[in-house]
Amino acid sequence: MKIHEYQAKDLLKTYGIPIPKGITIKNKEDAIKAWESLNKANLVVKAQIHSGGRGKAGGIRIVNTRKELEEYVSHLLGSTLFTEQTGDEGKPVEYLLIEEAVEFKKELYLGFTVDRSRACISMILSSEGGIEIEKVAASTPEKVVVENIEPLLGLKDFYITRALVSAGIDAKYFRKIALVAKGLYRLFIEKDCSLAEINPLVITANDELLAVDAKINFDDNALFRHPGILSLRDYKQENPLETEAAKYNLNYIKLKGNVGCMVNGAGLAMATMDLIKLVGAEPANFLDVGGGATSNMVKEGLKILVSDKDVKVIFINIFGGILRCDTLANGVVEAARELHIELPIVIRLEGTNVEEGKRILKEAGLKFITALDMGEAAVKVAELLGKKEING
Ligand code: GDP
Ligand code: MN
């Protein structure tokens, strides 16, 4: 789960990390109040969306007059912002963070993430923070220093010292950087984060450190033990189809292709996606209805697939175990009738009650395309996609 910058900064503050003074607003009147109560000489207005890259996309601006502030606030509030990370749909701007602009002499990058292959948390530090950090990492990786933290030791000082030296940061900042790094590391662990990043962490004109931006992501599987974090969730920033799927306990992730997949079991879902790629097509989603799906879940899953405008062919690949083939077939038939599904549906069924499932599909009198095995089903999907009326 992701949260907004202003929420992340509130968290940083509770962990003793210095942040600029600011106010979050939802409307123009409150923006003017913020203008009145903050130091007016230099304010920075920041679009709050679940995405980085806002600076380059016109979502961050320094304003010097009340008129400038009003104009920019009117322009941003209610708009949709498109960044390198949002995809074509963009993200709606409902909140703005208005802060006293910080003058700084250096932008650093500091972040923590999970390194799954090493089974540890990694600290990442760079003296070249700011909006070009991805470029820095790609073209001069030596400027991005990674320390893999031994879980039983925790973030000891030597990790920070070593990172400072490797990153070429003056040792006089050790104490201040250590304070920020230790606070962020503690937050990361206590709140079960998957990413906690301050970019930029700036060194101000008076040699103070300030977190000018903050991005924190949480491990969804641990949210049950953090009700406070869960309450920060902003569904409007999430993919509406993914939100809908979560309501019915469906594991759904939107992808870029045009084959809508419905599969039971994550392993089979992955294999199905591989197969789709092998025949030269692209999956529109990952959808695992799970082992114990009911026919209602199958129906809701199909509803999600057909409401995705990118989907041109539906591929249902089920191995009946706990989810019996007849249950699946009933869900599919019901959904196809109720939703008047026009899209071609290719179905491959195997496992418990497969004969009964096939009979239900056949007797429904709908135009399902059935296949005996996964390979044949994938080839049929590719053939359908090759037809002109589908791409047309
Ligand atoms: P992002 O583009 O979504 O990562 O948004 P950031 O909050 O990181 O802002 C992008 C860039 O805008 C930063 O790297 C800074 O260079 C600049 N910026 C943001 N806030 C301030 C500020 O208070 N003062 C100054 N001078 N620059 C700022
Ligand atoms: Mn940033």
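Structural notes, computed from the coordinates. Residue numbers restart at each chain and count upward from 1, following the sequence in its written direction. In the order they appear in the text, chains get letters beginning with A and ligands get numbers beginning with 1. Only residues with pLDDT of at least 70 get local features here, since the model is predicted, and only at 80 or more are side-chain atom pairs given and counted; chain-wide, interface and lining totals rely on the full set of residues. The side-chain numbers reported here are obtained from all heavy atoms of the structure, hydrogens and water having been left aside.

**Quick look at the pattern of salt bridges**
Phase 1: Salt bridge, as used here: a side-chain nitrogen of Lys or Arg that lies within 4 Å of a carboxyl oxygen of Asp or Glu. This structure, assessed with the given rule, holds 34 salt bridges.
Phase 2: A salt bridge links glutamate 128 to lysine 106; its shortest N-O distance comes to 3.9 Å. Placement of the pair is glutamate 128 in the loop between β8 (120-126) and α4 (133-139) and lysine 106 in strand β7 (residues 104-115), with a sequence separation of 22 residues.
Phase 3: Per-residue accessibility, obtained with a 1.4 Å probe over protein chains only, is compared with the maximum for each type, and a residue is labelled buried under 20%, exposed over 50%, and partly exposed between these values. A residue is classified by how much of its surface remains accessible, and glutamate 128, at 29% relative accessible area, is partly exposed.
Phase 4: What makes lysine 106 partly exposed here is its relative accessible area of 33%.
Phase 5: Ionic pairing is found between glutamate 356 and arginine 359, a salt bridge with its closest N-O pair at 2.9 Å. To qualify as a helix, a DSSP run of H or I must reach at least 4 residues; to qualify as a strand, a run of E must reach at least 2; elements of each kind are numbered from the N terminus.

**Structural notes on the site of ligand 1**
Phase 1: The criterion for a residue being near a molecule or strand is simple. One of its heavy atoms has to lie within 4 Å of it. In the neighbourhood of ligand 1, 18 residues make up the surrounding shell, with Lys46, Arg54, Gly55, Val102 and Glu107 lying closest.
Phase 2: N or O atoms within 3.5 Å of each other form a polar contact, as long as, within protein, one can give a hydrogen and the other can take it, and as long as residues adjacent in sequence are counted only when both atoms are side-chain atoms. Valine 102 is positioned such that a nitrogen or oxygen atom in its backbone is 2.9 Å from a nitrogen atom of ligand 1.
Phase 3: Aspartate 213 is positioned with one of its side-chain polar atoms (N or O) 3.0 Å from an oxygen atom of ligand 1.
Phase 4: With residues, only the protein chains shown are counted as cover, and all accessible areas are computed by Shrake-Rupley using a 1.4 Å probe. The protein chains hide 85% of the 560 Å² of surface that ligand 1 would expose on its own.
Phase 5: For the shell around ligand 1, the secondary structure elements donating two or more residues are β2 (43-48), β3 (60-63), β7 and β10 (193-204).
Phase 6: Residues that form the shell around ligand 1 fall into these classes: 9 nonpolar, 5 polar and 4 charged.
Phase 7: An automatic or database domain assignment is the source of the domain bounds shown. The residue makeup of the shell around ligand 1 includes at least three contributed by each of domain 1 (21-100) and domain 2 (104-230). Any residue outside Ala, Val, Leu, Ile, Met, Phe, Trp, Tyr, Cys, Pro, Asp, Glu, Lys and Arg is labelled polar, Gly included; the first ten of those are nonpolar and the last four are charged.

**Section: the coordination of the manganese ion (ligand 2)**
Phase 1: Those donors, Asn199 (O) and Asp213 (OD), are the protein atoms that reach the manganese ion (ligand 2), and they lie 2.2 to 2.3 Å from it. On the criterion of sequence distance, the pair formed by asparagine 199 in strand β10 and aspartate 213 in the loop between β11 (209-211) and β12 (215-218) is long-range, its members being 14 residues apart. One exposure class covers both asparagine 199 and aspartate 213, and it is buried. Nitrogen, oxygen and sulfur within 2.8 Å of a metal are treated as its donors, or within 3.2 Å for sodium, potassium and calcium (Na, K, Ca); water is not counted, so a site can appear incomplete.

**Overview of the sheet that holds strand β1 (residues 22-25)**
Phase 1: Here 4 strands make up an open sheet; going across it, the order is β1-β6-β2-β3 and the pairing antiparallel. Among the strands making up the open sheet, the edge pair consists of β1 and β3. Averaged over all neighbouring strand pairs, the angle between strand axes comes to 20°, with direction disregarded.
Phase 2: The strands touched by helix α1 (residues 5-14) within the sheet are β1, β2 and β6 (95-100), with β6 carrying the most contacts at an inclination of about 50°.
Phase 3: Contacts between residues were defined by any pair of non-hydrogen atoms, one from each residue, lying within 4.5 Å. Convention adopted: a line fitted to C-alpha atoms gives each axis, helices being fitted over their contacting stretch, and angles between N-to-C directions are expressed from 0 to 180 degrees. The sheet strands contacting helix α2 (residues 28-37) are β1, β2 and β6, and the helix crosses β1 at an angle near 170°. The criterion for strand pairing is that DSSP finds at least two bridges linking the strands in question.

**Here's the deal with the packing of helix α9 (residues 266-278) against helix α13 (residues 374-386)**
Phase 1: Following both chains from N to C, one finds α9 and α13 inclined at 50°, their axes separated by 10 Å at the closest point. Relative to α13, the element α9 lies oblique. α9 and α13 meet at a crossing whose hand is right-handed. Of the residues in α13, those touching α9 at Leu268, Ala271, Thr272 and Leu275 are Met374, Gly375 and Ala378.
Phase 2: In terms of residue class, the contact of α9 with α13 is made up of 5 nonpolar, 2 polar and no charged. Angle categories: roughly parallel below 35 degrees, roughly antiparallel above 145, roughly perpendicular from 65 to 115, and oblique for all the rest. Two helices crossing with the near one rotated counterclockwise from the far one by less than a right angle form a left-handed crossing, whereas a clockwise rotation gives a right-handed crossing.

**Regarding the packing of aromatic side chains**
Phase 1: Centre distance within 6.5 Å is the pairing criterion for rings of Phe, Tyr and Trp, where only the six-membered ring of Trp is used; planes under 30 degrees apart are then read as stacked, over 60 as edge-to-face, and the remainder as tilted. This structure, assessed with the given rule, holds 4 aromatic pairs.
Phase 2: Judged by centre distance (5.8 Å) and plane angle (45°), the ring pair of tyrosine 6 and tyrosine 95 falls under tilted. Taken together, the residues span a long stretch of sequence, with tyrosine 6 in helix α1 and tyrosine 95 in strand β6 at a distance of 89 residues.
Phase 3: Where phenylalanine 112 meets tyrosine 185, the ring centres are 5.6 Å apart and the plane angle is 50°; that geometry is what we call tilted. A residue pair is termed long-range when its members are at least 10 positions apart, and phenylalanine 112 in strand β7 and tyrosine 185 in helix α6 (residues 174-190) qualify at 73 residues.
Phase 4: Judged by relative accessible area, which is 0%, phenylalanine 112 ranks as buried.
Phase 5: With relative accessibility at 10%, the residue tyrosine 185 sits in the buried group.
Phase 6: Each member of the aromatic cluster is reached from another via a ring pair, and the members are Phe112, Tyr185 and Phe188.

**Side note on the nonpolar core**
Phase 1: Membership of the largest hydrophobic core comes to 43 residues, with the highest contact counts inside it found for Leu12, Phe112, Met123, Leu155 and Ile216.
Phase 2: Per-element tally for this core: the top contributor is α6, with 8 residues.
Phase 3: Filtering out sequence-adjacent residues up to four positions away, methionine 123 remains in contact with Leu110, Gly111, Phe112, Val145, Val146, Glu147, Ile149, Leu155, Tyr159, Ile160, Ala163 and Ala181.
Phase 4: Counting 35 residues, the second largest nonpolar core, distinct from the first, contains Val289, Ala293, Leu328 and Val333. Only buried residues count toward a nonpolar core, which is a set of Ala, Val, Leu, Ile, Met, Phe, Trp, Tyr and Cys residues joined through side-chain atoms within 4.5 Å.

Shape descriptors only; they carry no functional weight alone.
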